[in-house]
Amino acid sequence: MFLALRTEVEDALREALSTLELPTDDLGIEEPPDDVDSVLASSVAFRLAGELGAAPPQAATEVADEIDADELTYVSRVETQGPYLNFLPSEAYFAETLANGTDDDYGTLPDRGESVVVEHTSANPTGPVHVGRARNPIIGDAVANVLDAAGYDVDRHYYVNDAGRQMAVFTWAYETFDEDDLETEPERDRIEYDLVRYYRKGNEFLEEGPESEVEAAEAEIDAIMQGLEEGDEATYERVSEVVDQVLGGMKECLARLPAEFDEFVKETRFMFDGSTDDVVSRLQDLEESVYEEDAWQLELDEYGIDKNLVFLRSDGTSLYPTRDLAHHEWKFDNYDRAVTVLGEDHKLQAEQLRQTLELLGNDTDPLRQVLYSYVNLPEGKMSTRRGTGVDLDDLLDEAIDRAREEVETRLDDRIRDDDLDEADVERIAHQVGIGAVRYDIVAKQPTKAITFEWDRALDFEAQSAPYVQYVHARCCGILEEAGIDLETGTSGVETDVDASLLETPEERDLLETIARFPAVIDDAAADLEPHQVATYTREFAERFNAFYRECPVLADDVDPDLREARLALVAAARHTIANALSVLGVAAPRSM
RNA sequence: GGGCACGUAGCUCAGUCCGGAUAGAGCGUCGGACUUCUAAUCCGACGGUCGUGGGUUCGAAUCCCAUCGUGCCCGCCA
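What you are looking at is a predicted structure, and each value in this text was computed from that prediction instead of being measured.

Cut-offs and rules
Residues numbered from 1 in each chain as written. Chains lettered and ligands numbered in written order. Predicted model: local features only at pLDDT ≥ 70, side-chain atom pairs only at ≥ 80, totals over all residues. Heavy atoms only, no water. Phe/Tyr/Trp six-rings, centres within 6.5 Å; stacked < 30°, edge-to-face > 60°. Helix = DSSP H or I, 4+ residues; strand = E, 2+ residues; numbered from the N terminus. Buried < 20%, exposed > 50% of the residue type's maximum accessible area, 1.4 Å probe, protein only. Lys NZ or Arg CZ within 6 Å of the ring centre and 35° of its normal. Salt bridge = Lys/Arg side-chain N within 4 Å of Asp/Glu carboxyl O. Near = heavy atom within 4 Å. Polar contact = N/O pair within 3.5 Å; in protein donor to acceptor, adjacent residues only side chain to side chain. Nonpolar A, V, L, I, M, F, W, Y, C, P; charged D, E, K, R; others polar. Pairing = 2+ DSSP bridges. Arc of directions from axis to C-beta. Contact = heavy atoms within 4.5 Å.

(A) Broad picture of the packing of aromatic side chains. Throughout the structure, instances matching the rule amount to 23 aromatic pairs. Between Y106 and F517 the ring centres are 6.1 Å apart and the planes differ by 45°, which places this aromatic pair in the tilted class. One end of the pair, Y106, is in the loop between α4 (91-101) and β5 (115-119); the other, F517, is in helix α18 (residues 505-527), and 411 residues separate them in sequence. Taking relative accessible area as the criterion, F517 reaches 1% and is therefore assigned buried. Seen from their ring centres, F452 and W454 are 5.2 Å apart, and the 75° between their planes marks the pair as edge-to-face. Relative accessible area serves as the criterion here: at 6%, F452 is assigned to the buried category. Three or more aromatic residues link up through ring pairs in this structure, and these residues are Y106, F517, Y536 and F540. Directly above the ring of F264 sits K251, whose terminal nitrogen or CZ lies 4.3 Å from the centroid.

(B) The arrangement of the pattern of salt bridges in detail. Enumeration according to the criterion identifies 41 salt bridges in this entry. The residue R112 makes a salt bridge to D522 at a minimum N-O spacing of 2.9 Å. Of the two residues, R112 is situated in the loop between α4 and β5 and D522 in helix α18; the sequence distance between them amounts to 410 residues. With relative accessibility at 34%, the residue R112 sits in the partly exposed group. Of the residues examined, D522 reaches a relative accessible area of 22% and is grouped as partly exposed. Among the ionic pairs, E263 bridges to R269, the shortest N-O distance being 3.3 Å. Connected via shared salt-bridge partners are R188, R190, E192, R256, D393, D394 and D397.

(C) Layout of the environment of P560. Among the structural elements, P560 can be located in helix α20 (residues 560-584). With 298 residues separating them in the primary sequence, P560 and D262 have C-alpha atoms 48 Å apart.

(D) A look at the protein's contact with RNA strand B. The environment of RNA strand B is made up of 68 residues, and the closest members are D35, Y84, E293, Q349 and Y470. Within 4 Å of the protein, atoms of RNA strand B come from sugar and phosphate in 64% of cases. For RNA strand B, a sugar or linking oxygen lies 2.9 Å from a polar atom in the side chain of N124. Looking at which element gives the most residues to the surface near RNA strand B, the answer is helix α17 (residues 465-481), with seven residues. When its residues are assigned to classes, the surface near RNA strand B shows 26 nonpolar, 19 polar and 23 charged.

(E) The pairing of strand β9 (residues 295-298), seen in detail. In terms of strand pairing, strand β8 (residues 289-292) meets β9 through four bridges, oriented antiparallel. Bridge pairing in β9 links V290 to Q297. Hairpin connection of β8 to β9: two residues between the antiparallel strands, including E293 at a positive phi of 50°. Bridge count between β9 and strand β10 (residues 309-312): three bridges; the pairing is antiparallel. Looking at the pairing, L298 lines up with L309 of β10.

(F) Spotlight on helix α11 (residues 275-285). The complete set of buried residues in α11 reads T276, V279, V280 and L283. Looking down the long axis of α11, one finds its buried residues gathered within 100° of arc, a one-sided arrangement. Tucked inside the fold, the buried residues of α11 contact α10 (269-272), β8, β9, β10, α12 (320-334) and α13 (347-359).

Such coordinate-based values are descriptive only and should not be taken to indicate function.
Encoded structure:
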């Protein structure tokens, strides 16, 4: 509704200004402060003051007089407050918001008929997922969710770096060392925790082993890379044995968030299908291309990038960026838009990639890169190779444990008589624990640096997931108490209600907040900023809690018509908060 | 050294792209509210030179310039 109102206000204001023969290039539309009753405001009068030769408040009055609110559907009145124009919502605005909100899919925008591939995480399959990268799946999944909600046809991809040197090292180490050579036990009973020990052992050997043996090992590693380059089936099988196993374990970890993927795209695919070779020859034909120190490079300094892009090693093998070029051309062929979520340390490479794609004749406007900064430990970076870092599995376990403790201590002084059993406790512990971890990450701007500290990561205080989740549980509690079956959506809620009965400030505020939800999704999708949705959930929770405090729904002295209207409002609130949480990838508990 | 990002209350963060109404939350501290649709809630108090200095503007946390601090990057690794 908010979107419709915004359009209506813009049109009306533009028309009024045209009539007065005033410029319409900047309408000054803005959202007013909380203590102002209007839904939208305009500060256009400031700019008109000079034009009209009148003080801003007087200019505002002249413009307001030119707008006939009776002709508007969602605006009841246009008022001035000093220099500001305030647009107040009509009954129709509230009524339609309430009607729309009773739809289970409220907030989901119409299909845009546009496909987008969201690539995220894409961590090298070298070992357990650690917290340093945890922002990637959490932000990436939320970005994909918000685009999905905004009406795009979304595919989620994990790009598997199975052709890089580190995988050749891993393969060599896996084939060379035995269980007996390893000094440590797996930290967890899952395949990637087992196999990462070979990777670490191999790297340690290459750094500290006897020179002659290291040379032999390097020769073997080179042979593996050459094999992949030539498309040798047997080599691919050897590498895949490691890649597929480790990746399988990583998938299990990511599924806990949950972060699921539609496709795992291996980079070897673009070597075997000839597209990397094709990219190489096209690059060689570019005038920016040079052959220096036995390697093929691209000079990008005239495009503001000082570092050359090496696209073919002196031994003739391709590099990650070379294959990624082929990968991205494939994306352009198959999708209307492409979004990549990657760490800020890849920013330079991302710029090189974009510029080179342009030089190869691609339009890179459909490509958007979302950057986030790594989570570091107080003592420095996390590294799979060195084994420094906190495993995501450990963080999630700890979060669930702490949430469980919390549920159990609250069990005793619980007012609600719904007898949570052990399974409920476990469900809530998972929903709250994992939800808190996700929410904490998705609610912040990705570019802010984060230093990992256990206590901070596991702080479940207000303004975190449980605060918002609790609102959903409260909605469900009311609906359930009213005898509505939550399984069947809204079928039990009377939808033909009189929205004008919802006349307290708390009810109006809640409706206005619900009305904004589709616009929040729209904006968050346009900016690829899911944290806008998180910010919204907090505001929403505040508004709902005020309503909850002031407006009893099921009390005996509530008029039956008002009760029905408030029930519809609660149903709308529930759909809003459930769908917002769903975009964030945070579970919406029915009770807690 | 060069490039990019970040700097808002004691702490963690919104707001910055697109300049407008007394800069908003939470945590912490202090004081209140459960015989009530779940108190993981709510209400109140205290707390801010929006890193610093200039500039543009009727108006700057927001735009421009400079400067300081922090992080990231500047491999024939990915």
